[in-house]
Amino acid sequence: MTPFVGVTTDMFVGDASAWRFWESVLGRPADLHPDPDTAEWKLAAEPEIALRVRVDAERAGTGRLGLGVADLVAAAADVGSRLGPLPEITTKPGVIATLELHDPDGNR
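The sections below set out a description of the structure shown in this document. (Residues numbered from 1 in each chain as written. Predicted model: local features only at pLDDT ≥ 70, side-chain atom pairs only at ≥ 80, totals over all residues. Heavy atoms only, no water.)

## Notes on the environment of Arg59
Secondary-structure assignment places Arg59 in the loop between strand 4 (48–55) and helix 2 (72–83). Between the alpha carbons of Arg59 and His102 there is a distance of 15 Å; along the sequence they are 43 residues apart. Once you skip the residues sitting within four places of it in the chain, Arg59 turns out to touch Phe12 and Arg54. (Helix = DSSP H or I, 4+ residues; strand = E, 2+ residues; numbered from the N terminus. Contact = heavy atoms within 4.5 Å.)

So, in structure tokens, the structure goes:
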């Protein structure tokens with residue numbers, strides 16, 4: 001079996017203005033723009049985890065991305081300071097806590 005050392009995922013948006021939402025969620029501008037229609041964030045170095053937000057109007061709003069954080073309440077407060085009021089955190093005691101956000105195109 002091939003040992004995997006990273007993952008890259010793509011989210012599709014209608015236009016580049018949606019990058020501002022992702023900048024707010026991730027707390028910083030994109031690390032690079034490999035082409036005019038793509039913003040890319042390096043989320044971790046080892047293993048390498050990258051998120052690309054790509055302009056593709058036909059596929060916009062069809063994505064779902066789950067990001068794990070050590071402290072969801074603190075992360076929500078941080079993101080809320082940039083985006084404004086957020087939905088309530090949903091909790092399944094002893095299992096998981098989630099906060100579902102939607103970008104301007106409906107990606108979750």
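The structure having been displayed, the exposition proceeds.
## Here we look at the pattern of salt bridges
Oppositely charged side chains may form a pair once their charged atoms are brought near each other. By the definition in use, this model includes nine salt bridges. Two residues, Asp10 and Arg52, come together in a salt bridge whose shortest N-O distance is 2.6 Å. Note that Asp10 is positioned in strand 1 (residues 6–13) and Arg52 in strand 4, a separation of 42 residues in sequence. Overall, Asp10 belongs to the partly exposed group, its relative accessible area being 21%. With relative accessibility at 27%, the residue Arg52 sits in the partly exposed group. A salt bridge links Glu48 to Lys42, with the shortest nitrogen-to-oxygen separation between them at 3.3 Å. (Salt bridge = Lys/Arg side-chain N within 4 Å of Asp/Glu carboxyl O. Buried < 20%, exposed > 50% of the residue type's maximum accessible area, 1.4 Å probe, protein only.)

## Description of helix 1 (residues 19–26)
The element helix 1 is largely enclosed, with a buried count of six among its eight residues. Along helix 1, the residues that are buried comprise Trp19, Phe21, Trp22, Ser24, Val25 and Leu26. Turning to helix 1, the residues buried within the fold contact strand 1, strand 2 (32–35), strand 3 (38–44), strand 4 and helix 2. Looking one or two places after helix 1, you find Gly27, whose phi comes out positive at around 80°.

## Quick word on the sheet that holds strand 1
Strand pairing within a sheet occurs via backbone hydrogen bonds; the two strands may be parallel or antiparallel. Taken in spatial order, the four strands of this open sheet run 1-4-3-2, and their pairing is mixed. With partners counted over all chains shown, the strands left at the sheet margins are strand 1 and strand 2, one partner each. Adjacent strand axes in the sheet meet at a mean angle of 25° when their direction is disregarded. Both strand 1 and strand 4 contribute to a ladder of eight bridges, which runs parallel. Looking at the pairing, Phe12 lines up with Arg54 of strand 4. (Pairing = 2+ DSSP bridges. Axes fitted to C-alpha atoms, helices over the stretch in contact; angles between N-to-C directions.)

## Structural notes on the layout of surface pockets
The calculated volume of the largest pocket comes to roughly 820 Å³. Taken together, 31 residues make up the lining of the largest pocket; nearest its centre are Leu65, Gly66, Leu67, Leu72 and Leu99. Mapped onto the lining of the largest pocket, the elements with two or more residues apiece are helix 1, helix 2 and strand 6 (96–98). Looking at the lining of the largest pocket element by element, the count peaks at six residues for helix 2. (1 Å grid on protein atoms, 1.4 Å probe; cavity = no way out; pocket = protein on both sides within 12 Å on 5 of 7 lines; lining within 4 Å. Points joined across faces, edges and corners; volume = space filled by probe spheres on them.)

Just geometry here; none of it tells us what the structure is for.
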